[in-house]
Amino acid sequence: MELNHRTWQNPGPRWGYGFLRMCHKLLPQKIFNTCLAAGAVVGWALMPKARNHQQNYWIALTGKEPTLTEQWRHFIEFAGNLMQKLVLDRTNKPRFIYAANSSESDFEQVSQNPGGVLFGTFHIAESDLMGSMLCTLGRQIRMIRLQVGNSLDTEILERSFHGMVQFVYVNRPEEMLFAIKEALEQGHGVAMQCDRYEFGSKLERFEFLGENRYFPFTIYHLSALFRAPVCFSFALRRRKDGTIPAWIPPVFYPVGSRKEVLTAGKTHFQDVLFKVEAILREDPTVWFNFQPLNPTEIKAVDT
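What counts as what
Residues numbered from 1 in each chain as written. Predicted model: local features only at pLDDT ≥ 70, side-chain atom pairs only at ≥ 80, totals over all residues. Heavy atoms only, no water. Buried < 20%, exposed > 50% of the residue type's maximum accessible area, 1.4 Å probe, protein only. Helix = DSSP H or I, 4+ residues; strand = E, 2+ residues; numbered from the N terminus. Pairing = 2+ DSSP bridges. Axes fitted to C-alpha atoms, helices over the stretch in contact; angles between N-to-C directions. Parallel < 35°, antiparallel > 145°, perpendicular 65-115°, else oblique. Contact = heavy atoms within 4.5 Å. Nonpolar A, V, L, I, M, F, W, Y, C, P; charged D, E, K, R; others polar. Salt bridge = Lys/Arg side-chain N within 4 Å of Asp/Glu carboxyl O. Patch = residues over 30% accessible without salt bridge, like charges linked within 9 Å, V, L, I, M, F, W, Y side chains within 5 Å. Areas by Shrake-Rupley, 256 points an atom, 1.4 Å probe, with all protein chains shown as cover. Phe/Tyr/Trp six-rings, centres within 6.5 Å; stacked < 30°, edge-to-face > 60°. Lys NZ or Arg CZ within 6 Å of the ring centre and 35° of its normal. Expected span 1.5 Å × (residues − 1).

1. Description of the pairing of strand β4 (residues 165-169)
Move 1: Burial within β4 is extensive, with four of its five residues counted as buried.
Move 2: Note: strand β3 (residues 141-145) against β4, five bridges, orientation parallel. The residue bridging Ile141 from the neighbouring strand is Val165, located in β4.

2. Regarding the sheet that holds strand β9 (residues 234-235)
Move 1: Across the sheet, which stays open at both edges, the three strands sit in the order β1-β10-β9 with mixed pairing between neighbours. The strands lining the two open edges of the sheet, one partner per strand, are β1 (95-98) and β9.

3. What to know about the packing of helix α1 (residues 16-26) against helix α2 (residues 29-46)
To describe two helices that pack against each other, one gives the angle between their axes and the distance between the axes.
Move 1: As a packed pair, α1 and α2 sit with axes 8 Å apart at the nearest point and diverge in direction by 150°. Considered as vectors, α1 and α2 are oriented roughly antiparallel to each other. For the pair α1 and α2, contact is made by Leu20, Cys23 and His24 and by Gln29, Phe32 and Leu36, respectively.
Move 2: Considering only residue class, the contact of α1 with α2 consists of four nonpolar, two polar and no charged.

4. Things to note about the pattern of salt bridges
Move 1: Counting across every chain of the model gives nine salt bridges.
Move 2: Put simply, Glu297 and Arg205 hold a salt bridge, and the shortest N to O gap is 3.4 Å. Within this pair, whereas Glu297 is found in the segment after α10 (258-282), its partner Arg205 is found in strand β6 (residues 203-208), the two being separated by 92 residues in sequence.
Move 3: Judged by its relative accessible area of 38%, Arg205 falls in the partly exposed class.
Move 4: Where salt bridges share partners, they join Arg73, Glu77, Arg237 and Asp283 into one cluster.

5. A word on the pairing of β3
On a regular strand, each side chain points to the face opposite its neighbour's, so the side chains alternate between the two faces of the sheet.
Move 1: Among the five residues that make up β3, five are buried, leaving the element largely enclosed by the rest of the structure.
Move 2: Of the two faces of β3, the one holding Ile141, Met143 and Arg145 and the one holding Arg142 and Ile144 are both buried throughout.
Move 3: Across four bridges, β3 lies against strand β5 (residues 189-193) in parallel orientation. Across the sheet, Ile141 pairs through a bridge with Gly189, a residue of β5.

6. A word on a nonpolar patch on the surface
Move 1: Together, Phe19, Met22, Leu26, Leu27 and Ile31 give the surface a local cluster of nonpolar side chains, amounting to about 470 Å² of exposed area.
Move 2: Sorting elements by how many residues they give to the nonpolar patch places α1 first, with three residues.
Move 3: In this structure, Ile31 sits in helix α2.

7. Details of the packing of aromatic side chains
Move 1: Within the structure shown, the criterion is met by 23 aromatic pairs.
Move 2: Taking 5.4 Å as the distance between ring centres and 80° as the angle between the ring planes, the aromatic pair formed by Phe122 and Phe234 counts as edge-to-face. Here the residue Phe122 occupies a position in the loop between β2 (117-121) and α6 (130-136), and Phe234 occupies one in strand β9, the gap between them amounting to 112 residues.
Move 3: Residue Phe122 is classed as buried on the basis of its relative accessible area, which comes to 1%.
Move 4: The exposure class assigned to Phe234 is buried, which follows from its relative accessible area of 0%.
Move 5: In this structure, Arg51 is placed above the aromatic ring of Trp44, and the distance from its NZ or CZ to the ring centre is 5.0 Å.

8. A few points about helix α4 (residues 68-86)
Move 1: Here α4 spans 27 Å end to end across 19 residues, near enough to the 27 Å set by a 1.5 Å rise per residue.
Move 2: Listing the buried residues of α4 in full gives Gln71, His74, Phe75, Ala79, Asn81, Leu82, Met83, Lys85 and Leu86.

9. Description of unusual backbone geometry
Move 1: A positive phi is found at Asn101, a non-glycine position, where the angle reads about 65°.
Move 2: Its location among the elements puts Asn101 in the loop between β1 and α5 (104-112).
Move 3: Positive phi values are uncommon outside glycine, yet Arg227 reaches one of about 55°.

So yeah, pure geometry; function would need other evidence.
As C-alpha cells, this is what we get:
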C-alpha cells in the first residue's frame with residue numbers, strides 16, 4: 001500500500017523551512033542565530049511527545065534525566081543542523097575529514113569501486129551530508145527516504161549536488177526494490193538510514209542502550225541479494241574550522257550463502273552499534289532522533 005506523503009510532515013508548518021531560509025538571508029548572522037535558538041526552545045515547549053522521547057533516550061543512555069539546559073541544547077543543536085542543510089546551496093560545500101580509528105582506505109576503495117555499494121548511516125549530527133562526501137569521490141548516490149509534505153531540505157540537497165544525489169522514496173515500496181536494483185546495477189551507491197525501525201521490512205534485535213532492541217536489518221538482506229558491500233559512515237559534529245569528522249567502521253563484504261551473509265551481517269551491525277553508543281555517550285546531543293526508542297518487543301516481525 002502506498003503511503004500518502006501528505007499525511008507525513010516534518011515538524012512545523014509547511015511554509016516553515018522557506019521562512020527560515022528567508023530569515024537567514026535577510027537577518028544579520030548573530031541576530032538570526034539568537035532567533036533560531038529561541039525558536040528551538042519554543043519548539044521544545046510545544047512538542048511534548050518529542051520532549052518525552054528525548055528524555056527517555058537520555059535516561060537509557062546516561063541513567064539520569066537530562067537537565068533543562070541539556071534538553072534545550074539538544075533542540076538547539078538540531079535546529080542548527082537543520083539550517084546547515086537548508087542553506088547548503090548558498091554556502092561552501094562541507095569539508096570532511098576522517099575521524100580517529102576510521103577505516104579510511106577501505107572507505108575510499110569501496111567508494112571508488114565501479115560496482116554498486118550499500119551505504120548505511122543513522123540520524124547522527126551531520127550524517128545527512130555524507131552523500132556530499134561520496135560525491136567528491138565521484139560516486140552517485142540514491143538516498144532511501146520517506147517523502148513528506150514539507151521536504152524542502154531534500155530538494156536543496158538534490159539541487160546542491162547537481163543530480164549526483166537523488167532520492168528513492170519508501171512511500172512507494174512496490175517501486176523501491178526495482179529502483180535499488182537498478183541503482184546498484186548502474187554502479188551507484190544506495191544510502192539508507194538504519195536506526196529507525198518503523199519502515200524496516202526486515203527487523204532483528206541487537207544490544208543497544210542496555211536492551212535488546214529491534215533495528216532494521218534490510219541493508220544486509222539487500223547485500224545478500226545483490227552481492228553488494230555494506231559501508232556505514234557517520235558524520236559527527238562540525239568543528240569550529242568548518243570541517244566535519246567522519247567515522248567509518250570496517251566495510252562488510254557478503255561472502256558465502258545467504259544464511260552465512262546474514263549471520264556475519266548481524267555480527268558486523270552489532271559492532272557498529274557498540275561504536276555508535278560510545279559516540280553518543282561522549283555527546284548525547286548528536287543523535288537527532290526525537291522518536292520512541294527502538295522497541296524490545298514487537299508483536300509481528302517479518303524476518
